[in-house]
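# Structural description and commentary
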Amino acid sequence: MRLVVAGSPAAAVPTLRRLVASEHEIAAVLTRPATPQGRKRVLTPTPVAQAAAELGLPVIETARVDDAVTARIAALDVDLGVIVAYGALLRRPALDAPRHGWINLHFSDLPAYRGAAPVQRAVMVGDARTAATVFQLVEALDAGPVFTAHPFDIDSEATAGEVLAAMAEVGADVVADVVDGIAAGTAVATAQSGEPTLAPKLTIDDGRIDFAAPAAVVHAHLRGVTPEPGAYAHLGETRVKLLRSTLEPGGTGDPAPSLAPGALALHGGRLLVGTADSPLVLLEVQPAGKKAMDAAAWARGLGELDGKVLA
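A few points on the structure.

The rules behind these values
- Just so you know, the residues in each chain are numbered from 1, in the order the chain's sequence is written.
- Only residues with pLDDT of 70 or above have their local features reported here, since the model is predicted, and side-chain atom pairs are shown and tallied only from 80 upward, although totals for entire chains, interfaces and linings are computed over all residues.
- For side-chain calculations, the full set of non-hydrogen atoms in the structure is used, while hydrogens and water are omitted.
- Buried Ala, Val, Leu, Ile, Met, Phe, Trp, Tyr and Cys residues form a nonpolar core when they are joined through side-chain atoms within 4.5 Å.
- Working definition: with a 1.4 Å probe on protein chains only, accessible area under 20% of the residue-type maximum means buried, over 50% means exposed, and in between means partly exposed.
- Helix and strand labels come from DSSP, where a helix needs a run of H or I of at least four residues and a strand needs a run of E of at least two; each type is numbered from the N terminus.
- Residues scored as positive are Lys and Arg, those scored as negative are Asp and Glu, and His as well as the terminal groups of each chain are ignored.
- Whenever Lys or Arg places a side-chain nitrogen within 4 Å of a carboxyl oxygen from Asp or Glu, that contact is recorded as a salt bridge.

On to the nonpolar core, then. With 40 residues, the main nonpolar core has Leu 19 and Ile 103 as its most contacted residues. Judged by nonpolar contacts, the second largest core, of 25 residues, contains Leu 202, Val 273, Leu 282 and Val 285.

Quick look at the structure:
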C-alpha cells in the first residue's frame, strides 16, 4: 500500500523506520515544524523530520492540517495514513483523504488514558500494565474502533520516558502488522468498550513532588513525570530536580531511620528522603544551575543534613 506517516517526537521514529523497511511505500511524512531548542534556541527539526531526511522521504512540516495541507495529502493518492504522536488533530476532510482513512498508535489500553500523556499518567498512578493500541482514527479524541491492543508490562523502576521508548519499539511492529492486515483485507476493528479515562498533557505544576504521600506513591509520581515536565522540590529557596529514585534501600543491613516527610538523611551511602511511611532513596538529582549528579554526593556537599527538608 501507499502510505502517509504522521508523527513528531522520538516515539514515532521506530514506526516510521519499521514501515520504510516493509513492502509498503511511504509517499510522504507529516510532522510539526522545527522549533527552537536548547539554551541557544537553535531551530531544530522534529526527530521524525530528521529521520525522514535521513531516509530520503518527502516531508510536510505543518502545525495544523488545514485545507491546503489536506489537499496536499489528497494529491498523494495514498491508501492509508499512519499517525503516531503527531501533535495536532485531523478533521473529517483530512481523515477521508486516504482510501482506508488513518490508523493511530496509542500508548494505552483504550479506552483508558485517552489524551496526550497516557504513559506518564499510567506510571504516575503506579499501573503495572498498559498496552500499545492501534485504532481507526476518528474526529473524537482517541475514540475510534480498535484493531489490536498489545499488552505491555511497566517496569516498577522505569521512568515514563524509558517506558515510552520501549513501547515505541514494540508498537512499531504492532502497527506494521495492522497495516499488513488492512492491505490483505483481513484486519478487523471493534468498538471500544468500558468507561473512558483521560490523560491530559502534564504541566510544570504536575512535577512538584509531595513527600507527605506514601513512598510508593512518591516514587510512582517521580517516575511518571520524568523526563517531562520533570520532578522537583525545593530545598529552602533552591529548586532541585529529582531525576531518579528507588524503593530498594540497598547498601546496608541496618534499618532505615524514621524521617519526617521531606527530611533528608544519609544512610549506608545512600540519600534517604522521608515520606508518609518509609523513606525513599534518591539516586540522582540536579540542583538549579548545575549538572545532574549522584544524590548522595550532592547531599554530602550540603554539610549537616539535620533540619534540611525537601518541600
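After that view, the rundown keeps rolling.
So, on to unusual backbone geometry. For the bond from Leu 110 to Pro 111, the omega torsion is 15°, close enough to zero to count as cis. Tracing the sequence through the fold places Pro 111 in the loop between β7 (102-106) and α5 (118-124). The omega torsion across Glu 228 and Pro 229 is 0°, close enough to zero to call that bond cis. Within the fold, Pro 229 resides in the loop between α7 (215-224) and β10 (232-235). Positioned with a positive phi, Ala 85 is a non-glycine residue whose angle comes to about 50°. Among the secondary structure elements, Ala 85 is positioned in the loop between β6 (80-84) and α4 (92-95).

Another point: the side chain of Asp 142. Note that Asp 142 resides in the loop between β8 (129-136) and β9 (146-153). Comment: no salt bridge for buried Asp 142; closest opposite-charge side chain is Arg 114, at 6.5 Å.

Working definition: two side chains of opposite charge can pair if their charged atoms are close together. Applying the stated criterion to the full structure yields 10 salt bridges. Here Glu 54 makes a salt bridge to Arg 17, at a shortest N to O gap of 3.1 Å. In this pair, Glu 54 sits in helix α2 (residues 47-55) while Arg 17 sits in helix α1 (residues 13-20), placing the two residues 37 residues apart along the sequence. It is possible to trace a salt-bridge network through shared partners that takes in Asp 77, Asp 79 and Arg 99.

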